[in-house]
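Observations on the model geometry
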Amino acid sequence: MSRSTEQPRWSNQIGFILATTGAAVGLGNIWKFAYMAGTHGGSAFVLIYLLCVLLVGIPLMMGEMTLGRLGRSDAITSLQRLAQTHHAHPAWRYLGWLGAITLLCVLSFYSVVAGWSLCYWLKAATNSFYHVSTSHIQTLWSNLLNDPVQLMTYHALFMLMTVGVVAQGIQKGLEKAARMLMPALFIILIGLVIYSLNTPGAAQGIDFLFHFNLSNITPTIAISALGHAFFTLAVGAGCILVYGAYLPDQAPIARTVLVITALDVLVAILSGLAIFPLVFTYHLSPASGPGLMFETLPIIFSQMAAGRWFGSLFFMLLLFAAWTSSISLLEPWVALLVERFNFRRKPACYLMGGIAWILGLVTVLSFNHWSNFKPLLNATLFDLITDTTTNLLLPLGGLGFAWFAGHYIPEDALKKALNFKHVLSFKFFQFNLKYTVPLGILVIVLEALIK
Ligand code: PFF
């Protein structure tokens, strides 16, 4: 049980907003958003994604954060306390365990992909893409994926960066990193967008992202957009719950969540505006899938006049975004070990970083030695881990948090924590939390299971 000596806190509201925006803004907003928009018809995906964020993501984030603020501990202990206070079954604490397992799986592959960003940032900064042929760039990419030692090394370096920050604690680690990295991320992103929008493909890029045509929307697109909304907002695994547990008592959750989601969506849209105009300027395909960032973009950097600078800034952006998110994937485990198992923070960080690194080897090997090992649905282990966590575990966890917050936390307590200005907004939130969120989630989970 919890010994909860001294509950850590964010130093202020801005620190909290930056750290939680850092959790939300990550590879999902840049790497995943761009390739998914690219392969799922651009604007059709963007439109559904925005709707999902509004109707499902926002109420869920508010609900999950409130559970943390009221439970004031790691996810499992918080749920256990709240279940006791509000007469829910004690088995609700297993929802916290489900989240913890999800976070560990996400961290394991996330750190490998972030390692690619680190590797490509070094390549761009040392001008490795300058005036090289397209086939050379394709070879660089396949060489990286085929080389487990290189992949493990970058994965290890990135995990060390993550552990290094989390080990410093809430204010000196998580918050300080977010205060430095998030403003830098926005500055770099805006610079890249300005550059891209001044290239000849700008109009086509904008059209690709925003020319909404309802007839392009298919069920597959809708479901991918919903799954993506969970991933990008970091909801459904208890990470937001734990960040909420460090909030000061008076913080107005509703307003804070609106700011965080607005920033998260803004980063995704700006990344699209930085990437697609260039893709069209250089007559490349927007639909190249997960390799968009590591094959298509370097081809562009090799031909651009300012390719070295644009390329290094771009991968630095990706790296910063990934870093603040991986920190948020590790912190809930550290909170859990410290609160429930009496660990000290540093050993807890090393232990969980080490376990996540070892688990990440499954991802590493699924690109080379195990690339033909497709135990289920003709998918590699990497595909299985990413799909199961994004389309099944995060939504299921989200369903649990929404259900618990919507059905067990008394209306007065929710109202007080969320601090809505208007009754109507609270009613809208409550309706979505109780009905739209579970319905939306059920649809993705069923689809994922049928597939
Ligand atoms: N939101 C992060 C991204 O968009 O890359 C990923 C993520 C972080 C997912 C934390 C889940 C989580 F708990």
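Everything below is about the structure printed above this text.
The following refers to the structure shown. (Residues numbered from 1 in each chain as written. Predicted model: local features only at pLDDT ≥ 70, side-chain atom pairs only at ≥ 80, totals over all residues. Heavy atoms only, no water.)

A few words on the packing of aromatic side chains. Counted according to the given criterion, the structure contains 34 aromatic pairs. Taking the centre distance of 4.9 Å and the plane angle of 50 degrees together, the rings of Phe367 and Phe382 count as tilted. Of this pair, Phe367 sits in the loop between helix H15 (345-365) and helix H16 (381-407) while Phe382 sits in helix H16, and the two are 15 residues apart along the sequence. The exposure class of Phe367 is buried, given its relative accessible area of 17%. Over the aromatic face of Phe231 sits the side chain of Lys32, whose NZ or CZ is 4.6 Å from the ring centroid. A cation over an aromatic ring shows up here: Arg308 above the ring of Trp309, its NZ or CZ 5.9 Å from the ring centre. (Phe/Tyr/Trp six-rings, centres within 6.5 Å; stacked < 30°, edge-to-face > 60°. Helix = DSSP H or I, 4+ residues; strand = E, 2+ residues; numbered from the N terminus. Buried < 20%, exposed > 50% of the residue type's maximum accessible area, 1.4 Å probe, protein only. Lys NZ or Arg CZ within 6 Å of the ring centre and 35° of its normal.)

What follows is about the environment of Leu278. Along the chain, the position of Leu278 falls in helix H12 (residues 253-281). Here Leu278 falls in the buried class, since its relative accessible area comes to 1%. With 74 residues separating them in the primary sequence, Leu278 and Gln204 have C-alpha atoms 9.7 Å apart. When sequence neighbours within four positions are dropped, the list of residues in contact with Leu278 reads Tyr195, Ser196, Thr199, Ile300, Met304 and Phe310. (Contact = heavy atoms within 4.5 Å.)

Attention shifts here to helix H6 (residues 134-146). Since the α-helix advances by 3.6 residues per turn, residues separated by three or four positions end up pointing in the same direction. In this model, H6 (13 residues) spans 18 Å end to end at C-alpha, consistent with the 18 Å of a helix rising 1.5 Å per residue. Within H6 the residues assigned to the buried category are Ile137, Leu140, Trp141, Leu144 and Leu145. Looking straight down H6, one finds that the buried residues subtend no more than 130 degrees of arc, so they occupy a single side. Packed against the buried residues of H6 are helix H5 (93-125), helix H7 (148-166) and helix H13 (296-303). (Expected span 1.5 Å × (residues − 1). Arc of directions from axis to C-beta.)

So, about the nonpolar core. Trp31, Trp116, Met293 and Phe314 are the most contacted members of the largest nonpolar core, which totals 168 residues. Of all the elements, helix H14 (residues 307-341) adds the most residues to this core, at 18 residues. Excluding its chain neighbours within four sequence positions, the residues that come into contact with Phe314 are Ile30, Leu192, Ile275, Met293, Leu297 and Phe301. (Core = buried A, V, L, I, M, F, W, Y, C linked by side-chain atoms within 4.5 Å.)

Mapped onto the elements of the fold, Thr232 is located in helix H10 (residues 219-233). A distance of 2.9 Å separates a polar atom in the side chain of Thr232 from a polar atom in the side chain of Asp264. When sequence neighbours within four positions are dropped, the list of residues in contact with Thr232 reads Ala24, Asn29, Tyr49 and Asp264. (Polar contact = N/O pair within 3.5 Å; in protein donor to acceptor, adjacent residues only side chain to side chain.)

In this section: a nonpolar patch on the surface. There is a patch of nonpolar side chains on the surface, built from Leu197, Ile206, Phe210 and Phe212 and spanning about 300 Å² of accessible area. With respect to the element layout, Ile206 can be found in helix H9 (residues 202-210). (Patch = residues over 30% accessible without salt bridge, like charges linked within 9 Å, V, L, I, M, F, W, Y side chains within 5 Å. Areas by Shrake-Rupley, 256 points an atom, 1.4 Å probe, with all protein chains shown as cover. Salt bridge = Lys/Arg side-chain N within 4 Å of Asp/Glu carboxyl O.)

So, on to the pattern of salt bridges. Evaluation of the coordinates by the stated rule reveals five salt bridges. A salt bridge links Glu411 to Lys427, with the shortest nitrogen-to-oxygen separation between them at 3.7 Å. Linking Glu411 in helix H17 (residues 411-418) with Lys427 in helix H18 (residues 423-450), this pair joins segments that are 16 residues apart in sequence. Given the relative accessible area of 41%, Lys427 is considered partly exposed. One continuous salt-bridge network, built from bridges that share partners, spans Glu411, Lys415 and Lys427.

Near the ligand you find 15 residues, and of these Ala24, Leu27, Gly28, Tyr110 and Phe231 are the closest. In the environment of the ligand, a nitrogen atom lies 3.1 Å from a nitrogen or oxygen atom belonging to the backbone of Ala23. One nitrogen or oxygen atom from the side chain of Tyr110 is found 2.5 Å from an oxygen atom belonging to the ligand. Calculation on the ligand without its partners gives an accessible area of 340 Å², and the protein chains cover 100% of this total. Of all the secondary-structure elements, those providing two or more residues to the shell around the ligand are helix H1 (13-24), helix H2 (27-39), H5, H10 and H14. Partitioned by chemical class, the residues of the shell around the ligand number nine nonpolar, six polar and no charged. (Near = heavy atom within 4 Å. Nonpolar A, V, L, I, M, F, W, Y, C, P; charged D, E, K, R; others polar.)

Turning to unusual backbone geometry, a few remarks are in order. Unlike most non-glycine residues, Arg72 shows phi in positive territory, near 55 degrees. Among the secondary structure elements, Arg72 is positioned in the loop between helix H3 (43-71) and helix H4 (75-85). The backbone of Asn378 sits at a positive phi, close to 55 degrees, despite the residue not being glycine. Structurally, Asn378 can be placed in the loop between H15 and H16.

Packing of H1 against helix H8 (residues 170-197) brings their axes to within 8 Å, and their N-to-C directions diverge by 75 degrees. On the basis of their axis angle, the class for H1 and H8 is roughly perpendicular. For the pair H1 and H8, contact is made by Ile14, Gly15, Leu18, Ala19, Thr21 and Gly22 and by Glu175, Ala178, Arg179 and Met182, respectively. (Axes fitted to C-alpha atoms, helices over the stretch in contact; angles between N-to-C directions. Parallel < 35°, antiparallel > 145°, perpendicular 65-115°, else oblique.)

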